[in-house]
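Each chain is listed here by its residues.
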Amino acid sequence: MTQVTERGTSLSAAPRTGARRRSPAAAACVVGGAVAAGLGLGFLAVLVIVLWISSPYPDSGPGGALHLAAGLWLLAHGTELLRYETLSGVPAPVGVTPLLLIALPVLLVRRAARLGGASEEDEEVLPAGAVFSAVLCGYLAVGALATVYAAGGPMPADPISAAWHIPLVAVLAAAGGVWEARGRPLGPLPSWLPGGVRRAVARPRYALALRAGAGGALVLLGGGALLVGASLAWHGAEAQASFLSLTGVWSGRFAVLLLALTLIPNAMVWGAAYALGPGFAVGADVTATPLGFAGAPGLPRFPLLAALPPEGAGTPLTWAVAGVPVVAGLAVGWFAVRRAREVSYGETALTAALGALVCGVAMTGLAAASAGPLGSRRLAEFGPVWWQTGAAAFAWTLALAVPVAVAVHAWRYRPAKGPAAPAGLSVDDLVDDGWHDSGVREVRWAAMRRVAGTLIPDISGAERVASPEPVPEPVPEPVPEPVPERGPEVVAEPVSEAVPESVAEAPAGRGHRPVTVVSGLGLDLRPILISAKAAEAPALAPPVVGARVLARRRPPA
């Protein structure tokens, strides 16, 4: 003990500063990302296994069904699959991703990031970047294993396509989950952006632009869904015949029905592209537009393909679909107007233009995600062209949103109409400013000073000094205290509170009612002296007739 005390060393070894401390919260986020990927794989595996069991003629064993489930999970991220079992022997790519299937990995990754970013009192709080990276690492690790496993199945994934599609979906979904866990903050834009760009999208302008652009995109998608539904109802017999001819067993028909349901969002985007004008491709060098459709004889039989427009030149019925982008432009212009009177017309027009840009970018992304190849040669091109769809959406909404936004802003905040003045008179001539006369104002000020004592300074002395002939101040005589008359039949009620002088001198209406005067309040009832200019004013202040009240029109709710 003496040696230890003399050397001054502690019994426990000091921790090394360079050692890294393992965070259990970061490990939990990594596990959460891996679990999110596993849940998506498990859901599709269960679905495929159920269909394989119920099929009377399965093509492969349970191993092939599991490989197919892994391929479908990769397809849900936009990865391109390769189908080797073709009549020509040439591998055929399958790149049309069902947009409804993308919702599965997006929701799972977003939930994992949101739970990892949520903090409690007794848990460690990780930075947003750490949560994002940990969830992403766990998810991408499982994605790499699924890509390797699907390579041994009937429809392997293209490695290059999987290398950037899976991280893209995971990054966007994880960023959304972390942002939601932090309370959806809307902070300033990054400093590396140019100053002009940051000023152009400053709040609350860019929030309105996002709302307006999202509203326009939703109107376009709703119009596309309406067109697809109307066309399916018009070609109901052909759709039913194609559905029944694909398979004769209920398990196969159930699989076709599920595939059609997952492709409904794709059909909505295709319908919106058709209404915008560029249309969509249904094969190599074959495009369906409102101006005409040459036909595609090599298309496979599928219920949704029965809703294609008829072959031939366009008709007034197909030209009428131009009303969908018109309504979308009106919606962008309506939502771009800010409910504030101080906003200028230029800012309103700029907000509408930004909303049109947001709508164009949204339709560009949706068109790119909904298109892809379904095979080789004739089926190598399927769906709308992304840059044509985005440019058409931006042009339609920009041409309509800017004038509509300016017109709505001018109508909402137009000046209110005041009362019309007679001929030869203005509105100011109709206003009696007696209340604001200097003499009357001095009378009111002197009355307030008499009540308040020395709290209010005396301002009448300035005019008495400036007056060339000062008026001598006579000594006022004391005013005797008035004695009220008491009637023989009237009994005065006791007063519990002090009665002001104005109440005691008020007229009693019809007849004379005796008034009880309470003495001892210390009120100075002596008259005050005012200047010669103020003496010419009326003794009492006139009623309030000169206050101008302008009606203000409220903006519509």
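Residues numbered from 1 in each chain as written. Predicted model: local features only at pLDDT ≥ 70, side-chain atom pairs only at ≥ 80, totals over all residues. Heavy atoms only, no water.

1. Regarding the overall build of the protein chain
Next up, step 1: Regarding its fold elements, the protein chain presents 19 helices and seven strands.
Next up, step 2: Buried positions account for 33% of the 557 residues belonging to the protein chain.
Next up, step 3: With the model as given, the accessible surface of the protein chain reaches about 34,600 Å², and the carbon-plus-sulfur share is 65%. (Helix = DSSP H or I, 4+ residues; strand = E, 2+ residues; numbered from the N terminus. Buried < 20%, exposed > 50% of the residue type's maximum accessible area, 1.4 Å probe, protein only. Areas by Shrake-Rupley, 256 points an atom, 1.4 Å probe, with all protein chains shown as cover.)

2. Notes on the sheet that holds strand E3 (residues 280-282)
Next up, step 1: Spatial ordering of the open sheet is given by E4-E3-E7, a layout of three strands whose pairing is antiparallel. Where the open sheet ends on each side, the last strands, each with one partner, are strand E4 (287-288) and strand E7 (382-383). (Pairing = 2+ DSSP bridges.)

3. Overview of the side chain of threonine 397
Next up, step 1: Summarising the element assignment, threonine 397 is placed in helix H15 (residues 386-412).
Next up, step 2: Excluding its chain neighbours within four sequence positions, the residues that come into contact with threonine 397 are Ala328, Gly329, Val332, Ala356, Cys359 and Val402. (Contact = heavy atoms within 4.5 Å.)

4. Considering the confidence of the model for the protein chain
Next up, step 1: Taken residue by residue, the protein chain gives an average pLDDT of 79. The fraction at 70 or more is 70%.
Next up, step 2: In the model, residues 461-468 has pLDDT below 50 throughout and makes six contacts with residues more than four positions away in sequence or in other chains.
Next up, step 3: The low-confidence segment residues 487-513 (pLDDT under 50) makes 11 contacts with residues lying over four places distant or belonging to another chain. (pLDDT = per-residue confidence, 0-100.)

5. Points about a nonpolar patch on the surface
Next up, step 1: A cluster of nonpolar side chains, Phe43, Leu47, Trp250, Phe254, Leu257, Leu261 and Ile264, forms an exposed patch at the surface whose accessible area comes to about 690 Å².
Next up, step 2: Counting residues per element, the ones that place at least two in the nonpolar patch are helix H2 (24-54) and helix H10 (250-262).
Next up, step 3: The element that contributes the greatest number of residues to the nonpolar patch is H10, accounting for four residues.
Next up, step 4: In this fold, leucine 261 is placed in helix H10. (Patch = residues over 30% accessible without salt bridge, like charges linked within 9 Å, V, L, I, M, F, W, Y side chains within 5 Å. Salt bridge = Lys/Arg side-chain N within 4 Å of Asp/Glu carboxyl O.)

6. Description of unusual backbone geometry
Next up, step 1: Even without being a glycine, arginine 184 presents a positive backbone phi close to 55°.
Next up, step 2: Its location among the elements puts arginine 184 in the loop between helix H6 (159-181) and helix H7 (195-200).
Next up, step 3: Backbone geometry places aspartate 285, a non-glycine residue, at a positive phi of 65°.

7. Some thoughts on the packing of H2 against helix H3 (residues 62-75)
Next up, step 1: Put simply, H2 and H3 touch, their axes get as near as 8 Å, and they point 135° apart. Here H3 runs oblique to H2, going by the angle between their axes. When the axes of H2 and H3 are compared, the crossing they make is right-handed. Contact with H2, carried on its side by Ala37, Gly40, Leu41, Leu44, Ala45, Val48, Ile49 and Trp52, involves Pro62, Ala65, Leu66, Leu68, Ala69, Ala70, Leu72 and Trp73 of H3 and no other residues of that element.
Next up, step 2: Along the lines of polarity and charge, the residues of the contact of H2 with H3 split into 15 nonpolar, one polar and no charged. (Axes fitted to C-alpha atoms, helices over the stretch in contact; angles between N-to-C directions. Parallel < 35°, antiparallel > 145°, perpendicular 65-115°, else oblique. Left-handed = near helix turned anticlockwise from the far one by under 90°. Nonpolar A, V, L, I, M, F, W, Y, C, P; charged D, E, K, R; others polar.)

8. What to know about the pattern of salt bridges
Next up, step 1: On inspection of all chains with the given rule, the structure shows two salt bridges.
Next up, step 2: When the shortest N-O distance is used, the salt bridge between arginine 110 and glutamate 180 registers 2.5 Å. Separated by 70 residues along the polypeptide, arginine 110 in helix H4 (residues 99-117) and glutamate 180 in helix H6 bring together distant segments of the chain.
Next up, step 3: The exposure class assigned to arginine 110 is partly exposed, which follows from its relative accessible area of 29%.
Next up, step 4: Between glutamate 180 and arginine 184 there is a salt bridge, with the nearest N and O atoms lying 3.3 Å from each other.
Next up, step 5: Overall, arginine 184 belongs to the partly exposed group, its relative accessible area being 48%.
Next up, step 6: Taken together, the salt bridges that share partners define one network made up of Arg110, Glu180 and Arg184.

9. Focus: the side chain of histidine 235
Next up, step 1: Mapping histidine 235 onto the fold places it in the loop between helix H8 (205-234) and helix H9 (236-246).
Next up, step 2: With a relative accessible area of 16%, histidine 235 lands in the buried category.
Next up, step 3: Residues in contact with histidine 235, not counting those within four places in the same chain, are Ala306 and Leu308.

10. Here's the deal with the packing of aromatic side chains
Next up, step 1: Scanning the entire structure with this criterion turns up four aromatic pairs.
Next up, step 2: On the numbers, 5.8 Å between centres and 55° between planes, the contact of tryptophan 270 with phenylalanine 382 is tilted. Here tryptophan 270, found in helix H11 (residues 264-276), pairs with phenylalanine 382, found in strand E7; they are 112 residues apart in sequence, far enough to count as distant. Neither residue differs from the other here; tryptophan 270 and phenylalanine 382 are each classed as buried.
Next up, step 3: The interplanar angle of 55° and the centroid separation of 6.3 Å between the aromatic rings of tyrosine 274 and phenylalanine 280 together place this pair among those described as tilted. Accessibility assignment for this pair places tyrosine 274 and phenylalanine 280 in one class, buried.
Next up, step 4: Across the ring face of tryptophan 334, the terminal group of arginine 412 is positioned such that the distance to the ring centre comes to 4.8 Å. (Phe/Tyr/Trp six-rings, centres within 6.5 Å; stacked < 30°, edge-to-face > 60°. Lys NZ or Arg CZ within 6 Å of the ring centre and 35° of its normal.)

11. Focus on H15
Next up, step 1: With 27 residues, H15 extends 37 Å between its outermost C-alpha atoms, agreeing within 8% with the 39 Å of an ideal straight helix rising 1.5 Å per residue.
Next up, step 2: At alanine 401, H15 shows its maximal bend, which comes to roughly 30°, and the proline proline 403 appears one to four places after that position.
Next up, step 3: If you check which residues of H15 are buried, you get Thr389, Gly390, Ala392, Ala393, Thr397, Ala401, Ala405, Val408, His409 and Arg412.
Next up, step 4: The inward-facing, buried residues of H15 abut H8, H11, helix H13 (323-335) and helix H14 (345-370). (Expected span 1.5 Å × (residues − 1). Bend = angle between axes of the 7 residues up to and from the residue.)

12. Quick look at the environment of alanine 331
Next up, step 1: Take alanine 331: it is sitting in helix H13.
Next up, step 2: Sequence spacing of alanine 331 and valine 219 is 112 residues, and the spatial spacing of their C-alpha atoms is 7.7 Å.

13. Some thoughts on the packing of H3 against helix H5 (residues 128-150)
Next up, step 1: The geometry of H3 relative to H5 is characterised by a closest axis approach of 9 Å and an angle of 130° between their N-to-C directions. Taken together, the axis directions place H3 and H5 in an arrangement best described as oblique. Considering only the axes of H3 and H5, their crossing is left-handed. In this structure, H3 uses Gly63, Leu66, His67, Ala70, Gly71, Trp73 and Leu74 to contact H5, whose residues at the interface are Tyr139, Gly143, Ala146, Thr147, Tyr149 and Ala150.
Next up, step 2: Across the contact of H3 with H5, the residue classes tally to eight nonpolar, five polar and no charged.

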